[in-house]
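Observations on the model geometry
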Amino acid sequence: FFFFFFGLFEICLPSPMMASTDTPRISIRPYTLDDVPAIHAMFRSGMEDSKTPGSAYPNEEYILKGLGSDLADIASTYVDKGGAFFVACEIPSGSNEAERVVGMIGLEMLGDDIGELRRMSVHREFRRHKVGCLLEAALVEYARSKALRRITLTTLASMKHAHGFYLSRGYSFIKDTTYHLPTGEAVISTFEKDI
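Examining the packing of aromatic side chains
This model, assessed by the stated rule, comprises 7 aromatic pairs. Taking the centre distance of 5.6 Å and the plane angle of 75° together, the rings of F173 and F191 count as edge-to-face. You can see F173 sitting in strand β7 (residues 172–181) and its partner F191 sitting in strand β8 (residues 184–194), a full 18 residues away along the chain. Taken together, the ring pairs in this structure connect F165, Y166, Y171, F173 and F191 into an aromatic cluster.

Section: unusual backbone geometry
Of note in the backbone geometry, R119 takes a positive phi value of approximately 60° without being a glycine. Structurally, R119 can be placed in strand β5 (residues 114–122). Take R119: its relative accessible area is 15%, and that puts it in the buried class. Its identity is not glycine, yet R128 carries a phi of approximately 70°, on the positive side. With respect to the helices and strands, the residue R128 is situated in the loop between β5 and α4 (131–145).

Focus: the pairing of β8
The sheet contact formed by strand β6 (residues 150–156) and β8 spans 7 bridges and is antiparallel. From the neighbouring strand, I151 faces β8, where its bridge partner is K193. Here β7 runs beside β8; their pairing, made up of 9 bridges, is antiparallel. The residue of β8 that forms the bridge with Y179 is A186. Turn length for the β7-β8 hairpin, with the two strands adjacent in sequence and antiparallel, is 2 residues.

Here is what the cut-offs are and how they apply
Residues numbered from 1 in each chain as written. Predicted model: local features only at pLDDT ≥ 70, side-chain atom pairs only at ≥ 80, totals over all residues. Heavy atoms only, no water. Phe/Tyr/Trp six-rings, centres within 6.5 Å; stacked < 30°, edge-to-face > 60°. Helix = DSSP H or I, 4+ residues; strand = E, 2+ residues; numbered from the N terminus. Buried < 20%, exposed > 50% of the residue type's maximum accessible area, 1.4 Å probe, protein only. Pairing = 2+ DSSP bridges.

Here it is, written out as structure tokens:
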């Protein structure tokens, strides 16, 4: 799969206030091993950006666990089991510039017809430019090609901006689950979308 977008997908139109020069040119493609350092940096910065005052999570232990588990071997966690891991790249405007990874999303297979959306993150400079919409649309298209019927995901309950995004993309809130951990309490929200 390779998705190429100049501007934005029709379901992710920019706001009328956004000038066309403000709209980045984005490509969505499967990750490569060369992308891993950028993926790790984006995961870390995304988790640090999402920390809210008074919240125990995400903390450094959580970040290190993520970097040492599925993100340490993306192929075996996602791709080798029928899932996918996509990156969003800014298309360079000059011929001497390299593309830059500005977003990521993973699909982990949970069963014959269910997948889990994981590790969605967009670089802070590219938020509000519909990069998340493009990533999620690519993931859904891939999931449909694999005959999945449902996508599920979990996110921290404190990440209200993420909740709004997932609801706007057709996911339904299912439940909040509270975990009492030695370093504090973590409340995890579960969402699902039938595709």
